[in-house]
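Coordinate inspection notes
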Amino acid sequence: MEFDEGGQLDTSQVDDLRGSGGGGGLGGRVAVGGGGMGIIGLLLYFLVSALGGGGVSLPSGGGLSELPSGQQADNSSLAESCRTGADANTKIECEAVAFINSIQAYWSDEFARSGSTYQPARTNFFNGSVNTACGSATSDVGPFYCPADQEIYIDLGFYRELEQRFGAQGGPFARAYVLAHEYGHHIQNLIGTSNRVQQGDSGPTSGSVRLELQADCYAGVWGNHATTTPGSSGRPLIQNVTDADIKAALDTAGRIGDDFIQSQLGGGRVNQSQFTHGSSAQREKWFLTGYRSGEPAQCDTFSRGVQL
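Residues numbered from 1 in each chain as written. Predicted model: local features only at pLDDT ≥ 70, side-chain atom pairs only at ≥ 80, totals over all residues. Heavy atoms only, no water.

A few words on the pattern of salt bridges. This model, assessed by the stated rule, comprises 10 salt bridges. Between Asp4 and Arg235 there is a salt bridge whose closest N-O contact spans 2.8 Å. One end of the pair, Asp4, is in the loop between strand E1 (2-3) and strand E2 (14-16); the other, Arg235, is in the loop between helix H7 (207-225) and strand E8 (238-239), and 231 residues separate them in sequence. One salt bridge connects Glu110 with Arg113, and the closest N-O pair in it is separated by 2.8 Å. (Salt bridge = Lys/Arg side-chain N within 4 Å of Asp/Glu carboxyl O. Helix = DSSP H or I, 4+ residues; strand = E, 2+ residues; numbered from the N terminus.)

Should the sulfur atoms of two cysteines be covalently bonded, the bond is a disulfide. If you walk through the whole model with that rule in mind, you get 3 disulfides. Here Cys217 connects covalently by a disulfide to Cys299, the sulfurs 2.1 Å from one another. Given an S-S torsion of about -75 degrees, the disulfide between Cys217 and Cys299 has left-handed geometry. Taken as a pair, Cys217 in helix H7 and Cys299 in the segment after helix H10 (280-293) lie far apart in primary sequence, 82 residues in all. Here the two residues Cys217 and Cys299 agree in accessibility, since each one is buried. With its disulfide-bonded cysteines labelled consecutively along the sequence, the protein is connected as 1-2, 3-4, 5-6. (Disulfide = S-S within 2.5 Å. Buried < 20%, exposed > 50% of the residue type's maximum accessible area, 1.4 Å probe, protein only.)

Taking every second residue as pointing to the same face, both faces of strand E7 (residues 151-154) are buried, with Glu151 and Tyr153 on one and Ile152 and Ile154 on the other. Both strand E3 (residues 122-125) and E7 contribute to a ladder of 4 bridges, which runs parallel. Bridging across to E7, Asn124 finds its partner in Tyr153. The antiparallel pairing of strand E6 (residues 144-146) with E7 creates a hairpin that spans 4 residues between the two strands, and Gln150 there sits at a positive phi of about 55 degrees. (Pairing = 2+ DSSP bridges.)

It is worth spelling out the packing of helix H4 (residues 92-113) against H7 at this point. It is at 10 Å that the axes of H4 and H7 come closest, and there the two elements cross at 95 degrees. Comparing their axes, H7 and H4 come out roughly perpendicular. Note on element contacts: H7 touches H4 through Tyr218, Val221, Trp222 and His225, opposite Phe99, Ser102, Ile103, Tyr106 and Trp107. (Axes fitted to C-alpha atoms, helices over the stretch in contact; angles between N-to-C directions. Parallel < 35°, antiparallel > 145°, perpendicular 65-115°, else oblique. Contact = heavy atoms within 4.5 Å.)

The phi dihedral of Gln150 is positive, around 55 degrees, even though this residue is not glycine. Turning to its location among the elements, Gln150 is positioned in the loop between E6 and E7. Despite not being glycine, Asn240 has its phi angle at roughly 55 degrees, a positive value. With respect to the secondary-structure elements, Asn240 resides in the loop between E8 and helix H8 (243-255). A relative accessible area of 48% means that Asn240 is categorised as partly exposed.

Right, let's talk about empty space enclosed by the protein for a bit. This structure, assessed with the given rule, holds 1 cavity of 30 Å³ or more. Approximately 40 Å³ is the volume found for the largest cavity. Forming the boundary of the largest cavity are Tyr159, Leu162, Glu163, Gly170, Gly171, Ala174 and Arg175. Mapped onto the lining of the largest cavity, the elements with two or more residues apiece are helix H5 (158-166) and helix H6 (172-191). The element contributing the most residues to the lining of the largest cavity is H5, with 3 residues. The class makeup of the residues in the lining of the largest cavity is 3 nonpolar, 2 polar and 2 charged. (1 Å grid on protein atoms, 1.4 Å probe; cavity = no way out; pocket = protein on both sides within 12 Å on 5 of 7 lines; lining within 4 Å. Points joined across faces, edges and corners; volume = space filled by probe spheres on them. Nonpolar A, V, L, I, M, F, W, Y, C, P; charged D, E, K, R; others polar.)

What follows is about the sheet that holds E2. Pairing in this open sheet of 4 strands is mixed, and the strands run E2-E3-E7-E6 from one edge to the other. Unpaired on one side and paired on the other, E2 and E6 mark the two borders of the sheet. In this sheet, neighbouring strand axes are inclined to one another by 25 degrees on average, regardless of whether the strands run parallel or antiparallel.

Written out as structure tokens, the structure reads:
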């Protein structure tokens, strides 16, 4: 896939915290609410815990940590270097900006079609550690959505980790899937779906699994519309999504299934009672459900009797 070289990027949807030092420090805490962790956060937590690693600590109760900010966004460099789709074709941070622009443009249009108003969510780029309204976190947590401030957080180095540690083939559309999934959690928060899930819920048919599979489906829905959603220039930012791009996204989805993580990276034994994100096959299925239908209504993972 590639971006329209003349398309204009909007960096105002991003806060670049990479030069702020984060302020979270090692061993930060994230207060997890419904959808509070994203595509990989809890999986990485359990993996690091199982392997005796450090750097991630989750509180047992809910609520927000009272933490000083110590962070200041500086978007001047990002705004200077990420102007057009041509920049997105060559720079990873500009690529992320372009995906964020497209994802939010799609959901804004979708909400408008249903008679509602979409509330944009900012994405924060950080290095190492970060403070949020859900507490502080390190890069070990992976990309996540914080419902308390309705913002998304990502250390862009996670993409390298996904390829090197999880063996994902990577590529632009695989990286887009990561961001689109996190925005799926934002949609769930806006429409109230996140409230249907209790903290600590786990198991193959748990609310946590249903929430994550629905976010995968929402990511696929955006993927269906990616090449037709206009950017600020009036033309779609994203061009030429190929079968290979979809396969790369599915490869990523498969490598972050609970069963893959447990069997390949967590000691070899699959324990379905600990599932929080769904199996590899389920994650692939629901991304494809969204991608093939292009309809958010097809992403109902909560109805009684639905086959996950």
